[in-house]
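# Structure assessment
One-letter residues, chain by chain:
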Amino acid sequence: NAGVMQNPRHLVRRRGQEARLRCSPMKGHSHVYWYRQLPEEGLKFMVYLQKENIIDESGMPKERFSAEFPKEGPSILRIQQVVRGDSAAYFCASSPYPVPGNTIYFGEGSWLTVV
Amino acid sequence: TQLLEQSPQFLSIQEGENLTVYCNSSSVFSSLQWYRQEPGEGPVLLVTVVTGGEVKKLKRLTFQFGDARKDSSLHITAAQPGDTGLYLCAGARRGSSNTGKLIFGQGTTLQVKP
């Protein structure tokens, strides 16, 4: 886990507000992944990015969710007009490229609660 | 449909006992990873296996990748209370090689009682 930094660790939003989750990858890692862990469910892939480019967003809900990884600064997962069902733990992971053994390293997560 | 099935889902044992957790699929995976997750924390990588039939040991933990690369197991010898946690298997399907796009199992919650 060392090195992948996520913030905030805990976030409370009212329904209809926006949530922004930030992720700084491990030093030397060029690729970032976002996963979501809903209560009582396993981790689900959402999106895979490299700097200034979304590589695979097949797991991202079509509406209200977006992700970016700008040239400078952290990757951001943005959820607009949050609903109660968005309450979950959101994990960021990072890897170098190529990805040896498909191995990625996770941050400690951001817990979103929608009230 | 769960692509990676873990069993058992819950396991409560006494300190000193041995246990095995299974991760099964009908699909072939390029690699499989095992993670351990504590409450309120992110998954921590334990091991990656990439070759069919591969066996890796990490102290009292033994990991095996099936010959056909469709399944894996985690065996813990002489479990200790510190082994308590959620164990997750995850894999990259062929076609997702060289990416971090992983499919996760539902997890096995292990409780080791002193």
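Placed above this text is the structure.
A brief report on the enclosed structure follows. No experiment lies behind these values; they were computed from the predicted model shown. (Residues numbered from 1 in each chain as written. Chains lettered and ligands numbered in written order. Predicted model: local features only at pLDDT ≥ 70, side-chain atom pairs only at ≥ 80, totals over all residues. Heavy atoms only, no water.)

### What to know about the overall build of chain B
Note the threshold: Helix numbers and strand numbers start at the N terminus; a helix is a DSSP run of H or I with at least 4 residues, a strand a run of E with at least 2. Throughout, the radius of gyration refers to the C-alpha atoms, and the reference size of a globule is 2.2 Å times the residue count to the power 0.38. Think of it in three bands: with a 1.4 Å probe and only protein chains considered, a residue is buried below 20% of the maximum accessible area for its type, exposed above 50%, and partly exposed in between. Counted as positive: Lys and Arg. Counted as negative: Asp and Glu. His and the chain ends are not counted at all. In this description, the location of a charge corresponds to atom NZ of lysine, CZ of arginine, CG of aspartate or CD of glutamate.
In terms of regular secondary structure, chain B is built from zero helices and eleven strands. Reading chain B from its N terminus to its C terminus gives the helix and strand order β-β-β-β-β-β-β-β-β-β-β. A compact globule built from 114 residues should have a C-alpha radius of gyration of about 13 Å, and chain B, at 14 Å, falls within 12% of that. Buried positions account for 46% of the 114 residues belonging to chain B. Mean positive and mean negative side-chain charge positions of chain B (11 and 9 charges, respectively) differ by 8 Å.

### Considerations on unusual backbone geometry
All names here are of chain A. Residue Pro-8 follows Asn-7 across a cis peptide bond; omega there is 0°. Positive phi values are uncommon outside glycine, yet Gln-81 reaches one of about 45°. Mapped onto the secondary structure, Gln-81 falls in the loop between β8 (75–79) and β9 (88–95). Since its relative accessible area comes to 54%, Gln-81 is described here as exposed.

### Topic: the interface of chain A and chain B
Stated precisely, the cut-off is as follows: Note on contacts: a residue pair is in contact if any heavy atoms of the two residues lie within 4.5 Å. A quick way to say it: buried area is the sum, across both parts, of accessible area lost when two parts are put together, with a 1.4 Å probe. What makes a salt bridge here is a side-chain nitrogen of Lys or Arg within 4 Å of a carboxyl oxygen of Asp or Glu, nothing more. Between N or O atoms, a polar contact is any pair within 3.5 Å; within protein, one atom must be a potential hydrogen donor and the other a potential acceptor, and residues adjacent in sequence are included only when both atoms are from side chains. Gly is put with the polar residues, along with every residue not named as nonpolar or charged; the nonpolar set is Ala, Val, Leu, Ile, Met, Phe, Trp, Tyr, Cys and Pro, and the charged set is Asp, Glu, Lys and Arg.
On the side of chain B, 27 residues touch chain A, which itself brings 26 residues to the contact. Here chain A packs against chain B, burying approximately 1,900 Å² in sum over the two surfaces, 48% of which is carbon and sulfur. Viewed at the interface, chain B and chain A are joined by one salt bridge. Applying the counting criterion to the chain A and chain B interface returns 14 residue pairs in polar contact (both at pLDDT 80 or more). Of all the elements, strand β5 (residues 43–50) of chain A adds the most residues to the side of chain A that touches chain B, at four residues. Of the residues contributing to the side of chain A that touches chain B, the split by class is 13 nonpolar, eight polar and five charged.

### Things to note about the state of the cysteines
Stated precisely, the cut-off is as follows: The term disulfide is used for any two cysteine sulfur atoms that are within 2.5 Å.
Evaluated as defined, the whole model comprises two disulfides over all chains. Here A:Cys23 connects covalently by a disulfide to A:Cys92, the sulfurs 1.8 Å from one another. Taking the torsion about the S-S bond as the criterion, the A:Cys23 to A:Cys92 disulfide, at about -55°, is left-handed. In this pair, A:Cys23 is assigned in strand β3 (residues 19–24) and A:Cys92 in strand β9, connecting sequence segments 69 residues apart. Both residues of the pair, A:Cys23 and A:Cys92, count as buried. Each disulfide pairs two cysteine sulfurs, and for B:Cys23 the partner residue is B:Cys89, the sulfurs being separated by 2.0 Å.

### Things to note about the environment of B:Cys23
Residues and elements named next belong to chain B. Structurally, Cys-23 is set in strand β3 (residues 19–24). A residue is classified by how much of its surface remains accessible, and Cys-23, at 0% relative accessible area, is buried. Sequence separation between Cys-23 and Gln-80 is 57 residues; the distance between their C-alpha atoms is 22 Å.

### Some points on the packing of aromatic side chains
Convention followed: The rule is short: rings of Phe, Tyr and Trp, with Trp giving its six-membered ring, pair when the centres are within 6.5 Å, and they are stacked under 30 degrees, edge-to-face over 60, tilted in between.
In this structure the tally under the stated criterion is nine aromatic pairs over all chains. Taking 6.5 Å as the distance between ring centres and 85° as the angle between the ring planes, the aromatic pair formed by A:Phe91 and A:Phe106 counts as edge-to-face. Here A:Phe106 lies in strand β10 (residues 105–106) and A:Phe91 lies in strand β9, a separation of 15 residues in the sequence. Residue A:Phe91 shares its accessibility class with A:Phe106, and that shared class is buried. Arranged with centres 5.4 Å apart and planes meeting at 85°, the rings of A:Phe106 and B:Tyr35 form a pair that is edge-to-face. Within this pair, whereas A:Phe106 is found in strand β10, its partner B:Tyr35 is found in strand β4 (residues 29–37), the two belonging to separate chains. By way of ring pairs, the aromatic residues A:Tyr35, A:Phe45, A:Phe91, A:Phe106, A:Trp111, B:Tyr35 and B:Phe104 are connected into one cluster.

### Concerning the nonpolar core
Residue and element names in this part refer to chain A. Selection rule: What makes a nonpolar core is a set of buried Ala, Val, Leu, Ile, Met, Phe, Trp, Tyr and Cys residues whose side-chain atoms join them at distances within 4.5 Å.
Within the largest apolar cluster, 22 residues are counted, with the highest numbers of intra-cluster contacts made by Trp-34, Met-46, Leu-77 and Tyr-90. Taken together, the elements giving at least two residues each to this core come down to β3, β4 (31–37), β5, β7 (65–68), β8, β9 and β11 (110–114). Once residues lying within four places of it in the same chain are set aside, the contact partners of Met-46 are Trp-34, Tyr-35, Arg-36, Asp-56, Glu-57, Ser-58, Gly-59, Met-60, Pro-61, Phe-65, Leu-77 and Tyr-90.

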